[in-house]
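# Coordinates in review
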Amino acid sequence: MTTRRWIYAGIVAVPLMVAFIGPFFAAAAPTRRQAPFGPSEWSPFGTDRLGRDVLAAALTGGQTFILIAAVTVALAYVVGAAIGLAAAAAPRAWIDELLMRPIDVMLCLPSLLIIMVAALRTRGSAVAIACAIGLALIAPITRFVRMAAKGTVRGPVMDALRMQGESRTFRYGNYTARAMARPIAADLAIRFTAAVYFLASANFLGLGFDTTSTDWAVSVAANKDALTIAPWSVVLPGGLIVLLIIGINLLADDMLADPRTLAARRAVRADRHG
């Protein structure tokens, strides 16, 4: 594991540790409300608009946020990948058209509009918002998987496996899955970023979680007017969201880079130092 990869992993680890280990430390924070946007008895970061300790709020505001984004992406990928793979492997062109035309219609719908309608109709239900985000992600995931799978399921290797009498389970569950593992893993990082963006946007607009919750995005929206007098109430939760997104994308890019490209880079460095 290279030094650069360790750095990227460390960037991802910070918000994850805050989200999943932080609540245990936040239990020691005082429960009584203090003066809004003033000094805190528990940490040097001060208090938010409701008089809660900013650090304690940040320690308890990330778990639900991250879990909803992760579960939403996972479920959306299961549905989108199934449709995309079925369209790529369709033996008739009309089957491909039948599967993909509704997806094209979904791509035309503004994602934030879908989420806003779901949030308003259900009064900010977390389940409804997660379903809306998943619906917004299914269409691009389906098109990506179809494009990535097309060359694999219709390539010469697949034809050879079919002629050898290999089962459908082996052809798609073994060969196709391994061939598509790298691009799908890279795309997962992008879709997780999109899910975090949509969820944060909904919460920032006041359409997501309860506006008094300690959720990171809600905290940014609720305290943004006091950025000049209580900057940590915005910078701390907002910085954790930024670290999570940047870290995941950098780590995914580094881990999924083409081994031949990495070998070429090492050779160039060795020549320079030699």
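Residues numbered from 1 in each chain as written. Predicted model: local features only at pLDDT ≥ 70, side-chain atom pairs only at ≥ 80, totals over all residues. Heavy atoms only, no water.

Let's shift gears to helix α7 (residues 126-153). Here α7 spans 38 Å end to end across 28 residues, near enough to the 40 Å set by a 1.5 Å rise per residue. Taking the largest bend as the criterion, α7 deviates by roughly 30°, centred on I138, and proline P140 comes between one and four positions later. (Helix = DSSP H or I, 4+ residues; strand = E, 2+ residues; numbered from the N terminus. Expected span 1.5 Å × (residues − 1). Bend = angle between axes of the 7 residues up to and from the residue.)

All told, the structure shown has seven salt bridges when counted by the stated rule. Across the salt bridge formed by R143 and D104, the nearest N and O atoms sit 2.6 Å from each other. Residue R143 is located in helix α7, and its partner D104 is located in helix α5 (residues 93-108); the two are separated by 39 residues in the primary sequence. Overall, R143 belongs to the partly exposed group, its relative accessible area being 31%. Salt-bridge contacts for D187 lead to R191; the nearest nitrogen and oxygen are separated by 3.1 Å. (Salt bridge = Lys/Arg side-chain N within 4 Å of Asp/Glu carboxyl O. Buried < 20%, exposed > 50% of the residue type's maximum accessible area, 1.4 Å probe, protein only.)

Glancing now at the packing of aromatic side chains. Geometrically, a pair of aromatic rings is defined through the distance of the ring centres and the angle of the planes. Under the counting rule described, the total for this entry stands at three aromatic pairs. Taking 6.3 Å as the distance between ring centres and 50° as the angle between the ring planes, the aromatic pair formed by F65 and W216 counts as tilted. Linking F65 in helix α4 (residues 63-88) with W216 in helix α10 (residues 216-223), this pair joins segments that are 151 residues apart in sequence. In this structure, F65 and W216 share a single accessibility class: buried. Pairing Y197 with F198 gives two aromatic rings, centres 5.4 Å apart and planes at 55°, and the pair type is tilted. (Phe/Tyr/Trp six-rings, centres within 6.5 Å; stacked < 30°, edge-to-face > 60°.)

Judged by side-chain polarity, L16, M17, F20, I21, F24, F25 and L67 come together as a nonpolar surface patch covering roughly 700 Å² of accessible area. When contributions to the nonpolar patch are tallied by element, the ones reaching two or more residues are α1 (3-20) and α2 (22-26). The dominant element in the nonpolar patch, judged by the number of residues it contributes, is α1, at three residues. F24 sits in the exposed class, given a relative accessible area of 68%. (Patch = residues over 30% accessible without salt bridge, like charges linked within 9 Å, V, L, I, M, F, W, Y side chains within 5 Å. Areas by Shrake-Rupley, 256 points an atom, 1.4 Å probe, with all protein chains shown as cover.)

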